[in-house]
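A structural walkthrough
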Amino acid sequence: MASPTMGLEAISLWIGTVGMALGTVYFLAKGWSVDDPREQEYYIVTIFIPAIAAVSYFAMATGYGLIEVDVTGLGTLDIYWARYADWLFTTPLLLLDLGLLAGADRNTIYTLIGLDVFMIGTGLVGALATEGQLFRIVWWAISTGALIALLYFLLGEMTEQASKQPGDVGALFGRLRNLTALLWAIYPVVWVLGTESGLAIIPLGVETAAFMVLDLAAKVGFGFLLLRSRSVLSAASGHG
Ligand code: RET
């Protein structure tokens, strides 16, 4: 049965589990006393993000979230499918937070979330594809295309809508948007240089550690920056 090999891989998955759990508890404790419904909305969205990741990391750390995929020409790869289950739900929630903050209209939010689900879905197919390295990399390219389109709308349309928000809200949006654009762009690089593509320039332990650091920054770091600005959250109304 597949299970994480001891060492950097297992340690990273346990740090991820504990880090996400602590993030969840922290956001929950901080949100408990919030009674402005508009502000509560951010807490509801933001608490689920590390909560989903915590169970996904727990599944990976205990070996459930891992399968072996036999790929023609590459042999057997260890694939953490649980990552994709996590990302499928948490990345739309991160975009929803950004959309609420930007006061973005529904069409913009749906466009971004649609591209995002497409990106994670095609990334998962690439991770599970058995037909050979070339096919896996083609799926990676399709997924990366969706990411590029997503970033185009995030930096274009959504930013344009955010610029109509009051000053502090716009500034907070700008910080979180930059953090998101930067961190999200690193994921496909880790994937293609790592074991999933079969290139394995980055070994599985280092890859697991890299995804853990990225995930903690993109979820807990993001949530921390967002939720600490209480006054900004209540000023950011008028979405939808
Ligand atoms: C995959 C597959 C290969 C191509 C691309 C990918 C993008 C993944 C991204 C994930 C973001 C995850 C976050 C998690 C939460 O913390 C799926 C690796 C483009 C952008 C932000």
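Everything quoted here is computed from the prediction, not taken from an experiment.

Conventions we followed
- Residues numbered from 1 in each chain as written.
- Predicted model: local features only at pLDDT ≥ 70, side-chain atom pairs only at ≥ 80, totals over all residues.
- Heavy atoms only, no water.
- Helix = DSSP H or I, 4+ residues; strand = E, 2+ residues; numbered from the N terminus.
- Buried < 20%, exposed > 50% of the residue type's maximum accessible area, 1.4 Å probe, protein only.
- Polar contact = N/O pair within 3.5 Å; in protein donor to acceptor, adjacent residues only side chain to side chain.
- Contact = heavy atoms within 4.5 Å.
- Near = heavy atom within 4 Å.
- Areas by Shrake-Rupley, 256 points an atom, 1.4 Å probe, with all protein chains shown as cover.
- Nonpolar A, V, L, I, M, F, W, Y, C, P; charged D, E, K, R; others polar.

**A look at the side chain of Asp 86**
Secondary-structure assignment places Asp 86 in helix α3 (residues 82-102). Taking the relative accessible area as the measure of exposure, Asp 86 reaches 2% and is therefore buried. A polar atom in the side chain of Asp 86 sits 2.8 Å from the side chain of Thr 90. Here Asp 86 is in contact with Ile 52, Ala 53, Ser 56 and Lys 219, once residues within four sequence places are set aside.

**Description of the site of the ligand**
With respect to spatial proximity, 15 residues lie near the ligand, and among them Trp 140, Ser 143, Trp 184, Tyr 187 and Lys 219 are the closest. In this structure, an oxygen atom belonging to the ligand sits 2.7 Å away from a side-chain N or O atom of Lys 219. Expressed as a share of its isolated accessible area of 540 Å², the protein-covered part of the ligand is 100%. Listing elements by their share of the shell around the ligand, those giving two or more residues are α3, α4 (106-128), α5 (133-162), α6 (167-193) and α7 (204-227). Here the shell around the ligand is built from residues that sort into nine nonpolar, four polar and two charged.

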